[in-house]
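Fold and geometry: a report
Residue strings, one per chain:
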Amino acid sequence: MIIPEFEYLAPGDLQEALDCLASHGEEAVVLAGGTDLLVRMKQRLVKPRFVVSLKNLEGLRSIKEKDGVIVIGAMTPLVEVLESEIVGKYLPALRQAVGKIGAPSIQHFRGTIGGNLCLDTRCLFYNQSQFWNSGRTPCHKNNGQTCYAEENSDRCRSANQSDGACALMALGCDVVLASSRGERVLPVEDFFTGKGESPFTIELDELMLEIHVPVPGEGAGSSFQKISYRSAIDFALVSAAVSVRVMDRRMEAVRIAVGGAGAAPLLLKEAAATLMGKPIDDARAIEATSDLAKRHASAFMVENLGSSLEYRQKMARILVKRATKEAIAIATG
Ligand SMILES: Cc1cc2nc3c(=O)[nH]c(=O)nc-3n(C[C@H](O)[C@H](O)[C@H](O)COP(=O)(O)OP(=O)(O)OC[C@H]3O[C@@H](n4cnc5c(N)ncnc54)[C@H](O)[C@@H]3O)c2cc1C
Ligand code: SF4
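Source: prediction; values computed, not measured.

With domains assigned, the protein is organised as domain 1 (1-56), domain 2 (58-118 + 159-214) and domain 3 (220-331). Averaged C-alpha coordinates put domain 2 and domain 3 at centres separated by 20 Å. Facing the 26 residues of domain 2 at the interface are 28 residues of domain 3. Applying the counting criterion to the domain 2 and domain 3 interface returns 2 salt bridges. Across the salt bridge formed by Glu189 and Arg255, the nearest N and O atoms sit 3.5 Å from each other.

So this is what it looks like as structure tokens:
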């Protein structure tokens, strides 16, 4: 597949990048590592006139701990997240998730954590070549009026399959966005719209600058789990991440996220609430939570990621259970 023509812009600093986005509006797209964007451009799913590369924005490439917050620059390569001592020490779920993205070639070559968090939603009936798509009328995600994944659906049911986004949802981060109008900070929940057609609340002239994750307190643990057809170079059929703090052998501050289900990683607050205050060896509570997580995640799933719907739903339950147990094990050393 040949990439269509476009004008390549490589601003020298942040201000220049923001000015570029402000002046080119919807004709421009942001290029980080390009491991996702360039594929979608080849498939003609995105047809930008201008591609604005962030490669010169060195300031967006670091991982630091400052005033109780872990600050990860959006342009930090996946391999640096993977090898970071800070991430390894405090954010095991993020480390596991990044280790599951594609393959070492993507993690070591160009993929970035910001690009991963901004990964567009996906669907088997959409992420295809122009030739494959040419035999059908466009679906909702392509500005059409139909959905091939679910008959009569009035909206797009494509799924968020970003491994990093699922982990970061469970870890409870904020994202820092900037435009030439100024900066704003959003809780990760508010970064996603939940709509397959337009999954993010980021504006056309905005860039993601940083991801802020609070340093988890004493007794914290987290875990990310994923299943896919192949063990590498494959998106999640479903994934789950859990973070927990253990105090006096009881669970506190539980966050549960499920990926590969809805257009955003699902933050399952009700399921998490059923674990709060429970002893860490309360197997029945963990079973009940996993059942509830499966029920809630199932409501968002349609058969558009490859395996059967039933299998993905069953695995949602199993992955939440595994992630909960592993997060507790990590928290308790
Ligand atoms: C074969 C293959 C397998 C893959 N497997 C996985 C997988 O298992 N799990 C997974 O999660 N991903 C997977 N990916 C997707 C992708 O490689 C990763 O998500 C990667 O981290 C994307 O980062 P990038 O820097 O290359 O993003 P890019 O491709 O450069 O950008 C992705 C999107 O984010 C936007 N963007 C990037 N940075 C910013 C920013 N700072 N501000 C605003 N918008 C921004 C871009 O405009 C674009 O829309 C796979 C890709 C391939 C080709
Ligand atoms: S879920 Fe439906 S509308 Fe969305 S990309 Fe798939 S086929 Fe298109």
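Back to the write-up after that little detour.
Strand order in the open sheet formed by 4 strands is S9-S10-S11-S12, and the pairing between neighbours is antiparallel. In this open sheet, the two strands that pair with only one neighbour each are strand S9 (220-227) and strand S12 (266-267).

Turning our eyes to something else, we now look at the layout of surface pockets. By volume, the second largest pocket is sized at about 380 Å³. Lining the second largest pocket are 23 residues, with Tyr90, Val215, Pro216, Gly217 and Ala220 positioned closest to its centre. The set of elements that each furnish at least two residues to the lining of the second largest pocket consists of helix H4 (85-90), helix H9 (163-171), strand S8 (207-214), S9, strand S10 (238-247) and strand S11 (250-259). Classifying every residue of the lining of the second largest pocket by side-chain character gives 13 nonpolar, 6 polar and 4 charged. Looking at which domains feed residues into the lining of the second largest pocket, each of domain 2 (58-118 + 159-214) and domain 3 (220-331) gives three or more.

Cut-offs used in this document
- Residues numbered from 1 in each chain as written.
- Chains lettered and ligands numbered in written order.
- Predicted model: local features only at pLDDT ≥ 70, side-chain atom pairs only at ≥ 80, totals over all residues.
- Heavy atoms only, no water.
- Domains from an automatic or database assignment.
- Contact = heavy atoms within 4.5 Å.
- Salt bridge = Lys/Arg side-chain N within 4 Å of Asp/Glu carboxyl O.
- Pairing = 2+ DSSP bridges.
- Helix = DSSP H or I, 4+ residues; strand = E, 2+ residues; numbered from the N terminus.
- 1 Å grid on protein atoms, 1.4 Å probe; cavity = no way out; pocket = protein on both sides within 12 Å on 5 of 7 lines; lining within 4 Å.
- Points joined across faces, edges and corners; volume = space filled by probe spheres on them.
- Nonpolar A, V, L, I, M, F, W, Y, C, P; charged D, E, K, R; others polar.

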